[in-house]
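# Topology and contacts: notes
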Amino acid sequence: MAKAFFVYICLPPAKAGGNSKMKTDKSIKNIVCASIYRKVMNPEEWIYSSVHIGNKSIEFNLEENELPIFQVNSLNVKTLITTRRIIEKKNDEVILSIRFEEIGDLVYGNFKGKIDEPQLSIFNIIDINGKKYDFQMETGKASIGLINVVNTILQLKSVVPKKSFDPILR
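Read on for a plain summary of the structure. Residue positions are counted from 1 within each chain, in the order its sequence is given. Only residues with pLDDT of at least 70 are given local features in this predicted model, and only at 80 or more are side-chain atom pairs given and counted; all residues enter the totals for whole chains, interfaces and linings. The side-chain values count all of the structure's non-hydrogen atoms but skip hydrogen atoms and water molecules.

## Considering the overall build of the protein chain
Worth spelling out the cut-off: Strands are runs of DSSP state E lasting at least 2 residues, helices are runs of H or I lasting at least 4, and numbering of each runs from the N terminus. For each residue, the accessible area found with a 1.4 Å probe, counting protein chains only, is set against the maximum for its type, and the residue is called buried under 20%, exposed over 50%, and partly exposed in between. By definition, residues are in contact when any of their heavy atoms lie within 4.5 Å. For accessible areas, the Shrake-Rupley method is used with a probe of radius 1.4 Å. Any residue's cover is judged against the shown protein chains and nothing else.
For the protein chain, the helix and strand inventory stands at 2 helices and 9 strands. Each helix (α) and strand (β) of the protein chain, taken in turn from the N terminus, gives the series α-β-β-β-β-β-β-β-β-α-β. Across the 170 residues in the protein chain, those meeting the buried criterion constitute 42%. Partitioning the intrachain contacts of the protein chain with sequence separation of at least 6 by distance along the chain shows that 51% fall at a separation of at least 24. In the form shown here, the protein chain has an accessible surface area of approximately 10800 Å², with 55% of it arising from carbon and sulfur atoms.

Shown next, in the form of structure tokens:
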């Protein structure tokens, strides 16, 4: 009786940047949206957060070909994650903006909150020069959407920041 065996071929890891060709904004948005819908639970129950369906933003001025992906809207503050950056407005004035390539460190903080009582919390980004940015996020199930969006875009852009889900570890 012949014995079956399997051979696994291990390919070397892709070089930083992946393909020699950069991904387009459209392909980044498609990949991130597919990833969101595979991993999130009950997006219809999110209170402040949503996946941005269209390819234009009425509230934010975007660069040419830049596409909106995810947004968090509270009463006075609006946060938009695009294919290139994270932007936040307060009372219709842009107060924070950081490109994904400038992110050096991420702290998601209290992203869990209370499962049945989503609320607004803060996640921190420290850029490669040490400047700290505080962006709003919805806790609970919606936080998985935001975290997934940010992490997927960073991965697609081959940016490898430090990450912490617990500020106590910092």
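## Comments concerning unusual backbone geometry
Phi at Asn65 takes a positive value of approximately 70°, unusual for a residue other than glycine. One can find Asn65 in the loop between strand E1 (49-51) and strand E2 (68-73). Backbone geometry at Asp92 places phi at a positive 65°, although glycine is not the residue there. Note on placement: Asp92 falls in the loop between strand E4 (85-90) and strand E5 (93-99). According to the relative accessible area criterion, Asp92 is exposed, its value standing at 65%.

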